[in-house]
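Chain and residue survey
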Amino acid sequence: MATIKVQDLRKEFVTDTSTVVAIENVSFEVGGHEFVSVVGPSGCGKSTLLNILSGIESATRGTVDITEGDRKAKLGYVFQSARLLPWRSVIDNLLFVQSSRGPQVRARCERYLDMVQLSHTAKQYPGQLSGGMQQRVGIARAFSIEPDLLLMDEPFSHLDAITARSLRRELHVMWQETGKTVLFVTHDVSEAVELSTRIIMLAKGGRLVADLPVELPFPRDPASDAVALARADLLRRFESLDLLAT
Amino acid sequence: MSAVAALRTFAVSPPARRVHSLLRHTRSARILSWVGFVAAWQLVVPLLPTDLVPTPSEVAVFMWNELRMDTVAPHTVYESFSLSFQRLAVGLFLAFAIGVPLGLLMGMRRWADWFLHDFVVVGLAMPSLVWALVAGMWFGFGDLAPVVTVTLAAVTFVVINVAEGVRNVPKELLDMGGAYGVGRYATIRHVIFPSLMPFFFAALRYGLANAWKGLVLAEVWASTEGAGWVIKFWYDAHRSQGIVGYALFFIIVAIFIERIVFGRLSGWVFRWRPSDDRRAPEPEPADRDEPIPAAVSAATPGRR
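A quick note: this is a predicted structure, and the numbers were derived from the prediction, not measured.

Okay, the overall build of chain B next. Per the secondary structure count, chain B includes 14 helices and zero strands. The secondary structure elements of chain B, listed N-terminal to C-terminal, are α-α-α-α-α-α-α-α-α-α-α-α-α-α. Counting only residues that meet the buried cut, chain B has 28% of its 304 residues in that class. Long-range contacts, defined as pairs at least 24 residues apart, comprise 69% of the intrachain contacts of chain B with a sequence gap of at least 6.

Here you go:
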């Protein structure tokens, strides 16, 4: 099972006139089969953290170690928008990110499309799908490479509430069934409480200010008292840390 | 409302309202404008104190005879346009062979953009006539001057469009490929090249339009055959219907290339672009609230 070790991570963006610190001395570890949410206000460096973990961006300082046993872990990434190639069919979008070809790989891609209930759209182009369907293709794409670690960057933030709720339930089932380690970025505390086994809080300036377990049994009904209490507790912590005001 | 319905309305309306009702519909208004133009042309020309302006009927008869290869020109319309097309194709091929690498360089490297930018602007501003005259002086009569004119007239359109296309390759798709470890070759083939296609088409369209005019001019000045040269032949023969007729052949060919060749080609290349009637609707809320079907669990590998 994939593990993440982040040590003293710092990321600066240098412009012509100033230096902006996006992440400041962040350290944490994530073990196998954990579903960890990173929450915090807009601009606190959540997406930057994921981009560094995925290799899209490099850190200014610090180390990131993502391993599966004694080898480098394979990563799947679900972005805020689906980021599908509009000129390739749905199934070809899944095949595009595969490291090998062949009938077995194709069958695997078709299986994951079926998991998100979109096998009937395999030959369609992304432009023919609704926003929610495109995001489900993005999730199927991430799962189709059978990653050791799944990185998700506010994957439901662009969707309407009903579609987002449906996709959260699908994601939870897939996580439980496949046993992947998930690092999930969101600014929605309710979403984090509903899905996570642990929540990491970032504050403005990219500082890690809290790392809390969520000890509630699954499945979690977002309308239940237990989830509401946990959410209220987290929001109180946010307020006491003055996170919401910043 | 269709053109047929518009004509039906026309038939039952008082005369003053008939023309107005036709003008209210795009297709019937366009047909009416052309019919009016040709009728006015046919009526006005006999009143002019010159026989150097042909009537539409004279032009139509000339074009029909040319198509039947009943001509006094040394080359038929088919031979002339065939040769011009060959020159156009070779010139455009060279324009893309030179322009695409330069455009890629300008799009990817800022120093190349700074270095070449002014030359590209000069090339865009240069009239095709100048390229035709210069190429005629340099290379004399033959195939070379028209081909070089086509290349010079089109190359800057190719450079500027390809450079702009490279700058517009979606970064989020490149990042997506990078996050999944997609290789360089696959990224070029499946991300960069398809996102350049609209710019290739723009380059082809504008380059062709400019090159087409340059080709005619070069054939007038620096050739002894080709469609442009035949226009000069009819000019020398004082046969204005020949000039107008060949100009119409050029227009017909240009429309054919634009509508049939480019239209179908772009329809195929951009078949992935959504149209409103093909986009899937969001499912009804009732569907979403249904529990995850058993097929999800059954299809899931590695279940514990």
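Don't stop here, the text continues.
Helix and strand counts for chain A come out as seven helices and 10 strands. By the compact-globule yardstick of 18 Å for 246 residues, chain A fits well, its C-alpha radius of gyration being 18 Å. Dimensions of chain A, computed from the C-alpha atoms along their principal axes, are close to 50 × 45 × 40 Å. For chain A, buried positions account for 44% of its 246 residues. For chain A, the share of sequence-separated contacts (at least 6 apart) that also reach a separation of at least 24 residues comes to 71%.

Our next topic: the domain arrangement of chain A. Residues and elements named next belong to chain A. Under the domain assignment, chain A is made up of domain 1 (2-74 + 148-240) and domain 2 (88-146). Taken together, the 11 residues of domain 1 in the interface contact 10 residues of domain 2. Considering every element that reaches the side of domain 1 that touches domain 2, the biggest residue donor is helix H5 (residues 161-178), with six residues.

The next point concerns the domain arrangement of chain B. Annotation of chain B at the domain level lists domain 1 (7-47) and domain 2 (77-270). Put simply, the middle of domain 1 of chain B and the middle of domain 2 of chain B, counted by C-alpha atoms, are 38 Å apart.

Let's shift gears to the sheet that holds strand E8 (residues 181-186) of chain A. Residues and elements named next belong to chain A. Across the sheet, which stays open at both edges, the six strands sit in the order E6-E7-E8-E3-E9-E10 with mixed pairing between neighbours. Two strands in the sheet have a free side with no partner beyond their single neighbour: strand E6 (75-78) and strand E10 (207-213). Pairwise comparison of adjacent strand axes, ignoring direction, gives a mean angle of 15° for this sheet. Both strand E3 (residues 35-39) and strand E9 (residues 198-203) contribute to a ladder of four bridges, which runs parallel.

It is worth spelling out helix H4 (residues 56-67) of chain B at this point. Residues and elements named next belong to chain B. The end-to-end C-alpha distance of H4 is 16 Å, a good match for the 16 Å that 12 residues give at a rise of 1.5 Å each. Here H4 has its buried residues at Val59, Phe62 and Glu66. On an axial view of H4, the arc spanned by its buried residues comes to 60°, and they lie on one face. Where H4 is buried, its residues touch helix H5 (77-108) and helix H12 (240-269). Following H4 by one or two positions, Met69 adopts a phi angle in the positive range, close to 60°.

Residue and element names in this part refer to chain A. Here four strands make up an open sheet; going across it, the order is E2-E1-E4-E5 and the pairing antiparallel. Each end of this open sheet is capped by a strand with a single partner; those strands are strand E2 (19-30) and strand E5 (71-72). Sheet topology note: the strand E1 (residues 2-14)/E2 ladder contains eight bridges and is antiparallel. In the strand pairing of E2, Val6 is matched with Phe28.

Turning our eyes to something else, we now look at the UniProt feature "domain: ABC transmembrane type-1" (unreviewed entry) in chain B. Feature annotation in UniProt assigns "domain: ABC transmembrane type-1" (unreviewed entry) to the following positions: residues 81-261 of chain B. Along residues 81-261 of chain B, the helical share is 88% and the strand share 0%, with 16 Å between the first and last C-alpha atoms.

So, on to the UniProt feature "transmembrane region" (unreviewed entry) in chain B. Residue and element names in this part refer to chain B. Sequence positions flagged by UniProt for "transmembrane region" (unreviewed entry) are, in local numbering, residues 31-48, 88-107, 119-141, 147-166, 187-208 and 243-262. Helix and strand shares over residues 119-141 are 83% and 0% respectively, and the end C-alpha atoms of the span are 28 Å apart. Secondary structure content for residues 187-208 is 100% helix and 0% strand, while the C-alpha to C-alpha distance between its ends is 29 Å.

A few words on helix H3 (residues 26-44) of chain B. For H3(B), built from 19 residues, the straight-helix expectation of 27 Å at 1.5 Å per residue is met to within 8% by its first-to-last C-alpha distance of 27 Å. Burial within H3(B) is sparse, with just one of its 19 residues counted as buried.

All names here are of chain A. Put simply, helix H4 (residues 131-144) and H5 touch, their axes get as near as 11 Å, and they point 15° apart. Classified by the interaxial angle, the pair formed by H4 and H5 is roughly parallel. Of the two possible hands of crossing, H4 and H5 adopt the one that is right-handed. In this structure, H4 contributes Gly132, Gln135, Arg136, Ile139 and Phe143 to the contact, and H5 contributes Thr163, Leu167, Leu171, Met174 and Thr178.

Let's shift gears to the nonpolar core. Among the nonpolar cores identified, the biggest contains 73 residues, and A:Leu113, A:Ala140, A:Leu151 and A:Leu183 are the most heavily contacted of them. For this core, the element with the most residues is H4(A), which contributes six residues. Core analysis: the second largest hydrophobic core is formed by 46 residues, B:Leu116, B:Trp131, B:Trp221 and B:Trp229 among them.

Moving on to the packing of H5(B) against helix H10 (residues 184-222) of chain B. All names here are of chain B. Contact pair H5 / H10: the axes reach a minimum separation of 10 Å and the direction vectors enclose 130°. Comparing the axis directions of H5 and H10 gives the class oblique. As H5 packs across H10, the resulting crossing turns out to be right-handed. Contact with H5, carried on its side by Ser84, Arg87, Leu88, Gly91, Leu92 and Ala95, involves Gly207, Leu208, Ala211, Trp212, Leu215 and Glu219 of H10 and no other residues of that element. Looking at the contact of H5 with H10, its residues break down into seven nonpolar, three polar and two charged.

What follows concerns the confidence of the model for chain A. Put simply, chain A has an average pLDDT of 88, and 98% of its residues get 70 or more. Within chain A, helix H2 (residues 90-96) of chain A carries the highest mean pLDDT (95), whereas helix H7 (residues 225-240) of chain A carries the lowest (84).

Let's shift gears to unusual backbone geometry. Residue and element names in this part refer to chain A. The linkage connecting Phe218 with the following residue, Pro219, adopts the cis geometry, with an omega of -5°. On the secondary structure map, Pro219 appears in the loop between E10 and H7. Positive phi is not limited to glycine here, since His33 has a value of about 60°. Mapped onto the elements, His33 comes out in the loop between E2 and E3. The partly exposed category is assigned to His33, around which 16 C-beta atoms lie within 10 Å.

What counts and what doesn't
- Residues numbered from 1 in each chain as written.
- Chains lettered and ligands numbered in written order.
- Predicted model: local features only at pLDDT ≥ 70, side-chain atom pairs only at ≥ 80, totals over all residues.
- Helix = DSSP H or I, 4+ residues; strand = E, 2+ residues; numbered from the N terminus.
- Buried ≥ 20, exposed ≤ 12 C-beta atoms within 10 Å, placed from the backbone.
- Contact = placed C-beta atoms within 7 Å.
- Rg over C-alpha atoms; globule rule 2.2 N^0.38 Å.
- Domains from an automatic or database assignment.
- Pairing = 2+ DSSP bridges.
- Axes fitted to C-alpha atoms, helices over the stretch in contact; angles between N-to-C directions.
- Expected span 1.5 Å × (residues − 1).
- Arc of directions from axis to C-beta.
- UniProt positions renumbered as here; feature names shortened; annotations may be inferred.
- Parallel < 35°, antiparallel > 145°, perpendicular 65-115°, else oblique.
- Left-handed = near helix turned anticlockwise from the far one by under 90°.
- Core = buried A, V, L, I, M, F, W, Y, C linked by C-beta atoms within 7 Å.
- Nonpolar A, V, L, I, M, F, W, Y, C, P; charged D, E, K, R; others polar.
- pLDDT = per-residue confidence, 0-100.

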